[in-house]
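# Summary of structural features
Below, each chain spelled out in residue letters.
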Amino acid sequence: MKPRIHFQNFILISLCIVSLLACTKDPISPDNNSGTNPLVDTTLLNVEYGSHTRQVYDIYLPADRDENTSVLLMIHGGAWKAGQKEDFNYYLNLIKSKWSTVAIVNMNYRLASNADNIHHNEIMADIHEVLNHVNTNKDYYHVSEKVGVMGASAGGQLAMIYTYKYNSDIKCVGSIFGPTIINDWSWYNSTNLFLGDFVSNSLTEYVGQPWDTTAYKAVSPYWNISSSSQPTIIFHGSFDPIVPVYQSQWMHGKLNTLGVTNEYYEYVAFHSFDNTQSADAINKLVAFFKTHIE
């Protein structure tokens, strides 16, 4: 004998099924379109690329993008053990206003910490995973594999060392007052008013060990460039009390000696630029990046 279903139960079951079907949707696509409609400007925030709470990025996708759309990766500063992607929003908005056709990825990374065993290798792995995640989803995002990387302060160093040492596919790199000679111990171990012990302690956590010439040179962009290094653009303040301007000057000189395409701009500034200087730097950075990744 077949079980009997009361009418009321039948209606309840039917409503549940309809409700479930109504709530089951395809994942939200950055297209915001269907068919042949042009793609619209889209922002996706806190896209996860790993299981750690810091392993997220924001991606800004321009309208009318396609498989040829270039990607710019931004890496924030903060002495390797502080900071967040939102710190870069001012520069990000400047770039968007000057370069409306580029896709921008603004990333967080795990911060250097002895307690959490997060050091240089882990941060490099995070940058690599972000680019892998974007590349894996390039058809979903409608972007190309053409990537340029930029950063400010410690983010500038991270952008350069990752580009020069770990990823030859990066098309170009930009640094805004980023340190290039991490083994400059006479400077970083100084006890002047601006540095104190903070930078030397930060470097110990970033590198993963106290002062060691070999280990500190290994993470220095200056010691990891060659004649085949990618085109580079550098900006620095002439009175920077945190990262000495001579590091960028020497970097510029060595890039010239090696025959690497590069540009260097120096402003009358400290370890930050005013609005006029920032706008000028971003204009120059955008023009440089367009030349090498579009």
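Definitions and limits used
Residues numbered from 1 in each chain as written. Predicted model: local features only at pLDDT ≥ 70, side-chain atom pairs only at ≥ 80, totals over all residues. Heavy atoms only, no water. pLDDT = per-residue confidence, 0-100. Contact = heavy atoms within 4.5 Å. Pairing = 2+ DSSP bridges. Helix = DSSP H or I, 4+ residues; strand = E, 2+ residues; numbered from the N terminus. Axes fitted to C-alpha atoms, helices over the stretch in contact; angles between N-to-C directions. Expected span 1.5 Å × (residues − 1). Buried < 20%, exposed > 50% of the residue type's maximum accessible area, 1.4 Å probe, protein only. Arc of directions from axis to C-beta. Right-handed = clockwise from strand over helix to strand, strands pointing away.

Our next topic: the confidence of the model for the chain. The share of residues in the chain with pLDDT of 70 or more is 85%, and the mean pLDDT across the chain is 88. The low-confidence segment residues 1-28 (pLDDT under 50) makes 2 contacts with residues lying over four places distant or belonging to another chain.

Right, let's talk about the sheet that holds strand E6 (residues 172-176) for a bit. The sheet built from 8 strands is open, its strands ordered E1-E2-E4-E3-E5-E6-E7-E8 with mixed pairing. For this open sheet the edge positions go to strand E1 (42-48) and strand E8 (262-267), each flanked by a neighbour on one side alone. Within this sheet the neighbouring strands show an average axis-to-axis angle of 15°, counted without direction. Pairing of E6 with strand E7 (residues 232-237), which is carried by 4 bridges, proceeds in the parallel orientation. Across the sheet, Val 173 pairs through a bridge with Thr 232, a residue of E7. Contacting E7 and E8, helix H9 (residues 245-258) runs over the sheet at an angle of about 155° to E8.

As a further point, take H9. For H9, with 14 residues, the first-to-last C-alpha span of 20 Å sits near the 20 Å given by 1.5 Å per residue. Listed in full, the buried residues belonging to H9 are Val 245, Gln 247, Ser 248, Met 251 and Leu 255. On an axial view of H9, the arc spanned by its buried residues comes to 160°, and they lie on one face. As for H9, its buried residues are in contact with helix H5 (154-166), helix H6 (185-188), E7 and E8. Gly 259 occupies a position one or two residues after H9 and carries a positive phi of about 80°.

Here we come to the pairing of strand E5 (residues 147-152). Burial within E5 is extensive, with 6 of its 6 residues counted as buried. Burial along E5 is two-sided: the face carrying Val 147, Val 149 and Gly 151 and the face carrying Gly 148, Met 150 and Ala 152 are both buried. Where E5 lies against E6, 5 bridges are found, and the strand directions are parallel. Bridge assignment links Gly 148 to a residue of E6, and that residue is Cys 172. Between the parallel pair E5 and E6, the chain is carried across by H5, and the sense of this crossover is right-handed.

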